[in-house]
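Structural overview
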Amino acid sequence: MRRSLADLGSRVRGSPFARNASWSVGLSLVERLIAVVQTVIISRALGMTEYGVYGLLFSTVGLASSAAGFQMGLPAIIYVSRYRYTDKYKVAGVITVVQRFGWLACLAPLLLSVLFAGDLASALFRDSKYQFVVLLGGCIAAVSVLSGLQDGIAQGFELFKTLAKLKFVTTSLSFLLIVPAAKVFGLNGV
């Protein structure tokens, strides 16, 4: 048993893909732990009702950004990784198409939230006082679409270690900023 674990460890250290994947998995676990702590702090700072609005908003943002992005990050991963060594022009074309699509796709949640903020706030939360929260949610959905597509391109180039570190840094920064913002500004701050 010990020998097989040692063999597994040496294979992981010897494979660039395995090292990158290890970084990605390890930092993703740390990122999830930070997110759990952040969730507990936010729920306590906002209270039950406002935390419910926060949860519904982020569920809706996740659904909207996923629908708007049409999961285009996956084709980016596949085509970039498949052709990055053999056909650089095809990779450039895929990146161009994905980025153009991303800019168009991020406009959908942004425009919907700007044009229908009051109606969306009333439909989602039964209160039009959450218009600003809906506007912020539209911005978050738009950024999520672009971020997901950029992640797909980077994963196609197997930049897992860099992506893992970047996600860890952004999660840590968001944790450091959201906690005081929740205490001072409530839901709008979060």
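The structure displayed is predicted, hence computed values, not measured ones.

**A word on the nonpolar core**
- Ranked by internal contacts, the top residues of the largest apolar core, which has 17 residues, are Ile42, Leu46, Tyr54, Phe125, Tyr130, Leu187 and Val190.
- Counting only elements with at least two residues in this core, the list comes to helix H2 (16-46), helix H3 (48-69), helix H6 (117-125), helix H7 (131-156) and helix H8 (160-185).
- Ranked by the residues each element gives to this core, the list is headed by H3, at 4 residues.
- If sequence neighbours within four positions are ignored, Phe125 has contacts with Val53, Leu56, Leu57, Leu120, Tyr130 and Val134.
- Formed by 15 residues, the second largest nonpolar core is a distinct cluster that contains Ala76, Val80, Val98 and Val145.

**Regarding the confidence of the model for the chain**
- Of the residues in the chain, 95% have a pLDDT of 70 or more, and the chain-wide mean is 84.
- Mean pLDDT across the elements of the chain bottoms out in helix H1 (residues 2-14) (69) and peaks in helix H5 (residues 88-115) (91).

**Points about the state of the cysteines**
- By the definition in use, this model includes 0 disulfides.
- Cysteine Cys106 remains unbridged, with the sulfur of Cys139 as its closest cysteine sulfur at 10 Å.
- Given a relative accessible area of 5%, Cys106 falls into the buried group.
- Using a relative accessible area of 38% as the deciding quantity, one classes Cys139 as partly exposed.

**A closer look at the environment of Tyr54**
- Tracing the backbone shows Tyr54 in helix H3.
- Residues Tyr54 and Leu187 lie 133 residues apart in sequence; the distance between their C-alpha atoms is 7.0 Å.
- Once you skip the residues sitting within four places of it in the chain, Tyr54 turns out to touch Ile42, Leu46, Leu187 and Val190.

What counts and what doesn't
- Residues numbered from 1 in each chain as written.
- Predicted model: local features only at pLDDT ≥ 70, side-chain atom pairs only at ≥ 80, totals over all residues.
- Heavy atoms only, no water.
- Core = buried A, V, L, I, M, F, W, Y, C linked by side-chain atoms within 4.5 Å.
- Buried < 20%, exposed > 50% of the residue type's maximum accessible area, 1.4 Å probe, protein only.
- Helix = DSSP H or I, 4+ residues; strand = E, 2+ residues; numbered from the N terminus.
- Contact = heavy atoms within 4.5 Å.
- pLDDT = per-residue confidence, 0-100.
- Disulfide = S-S within 2.5 Å.

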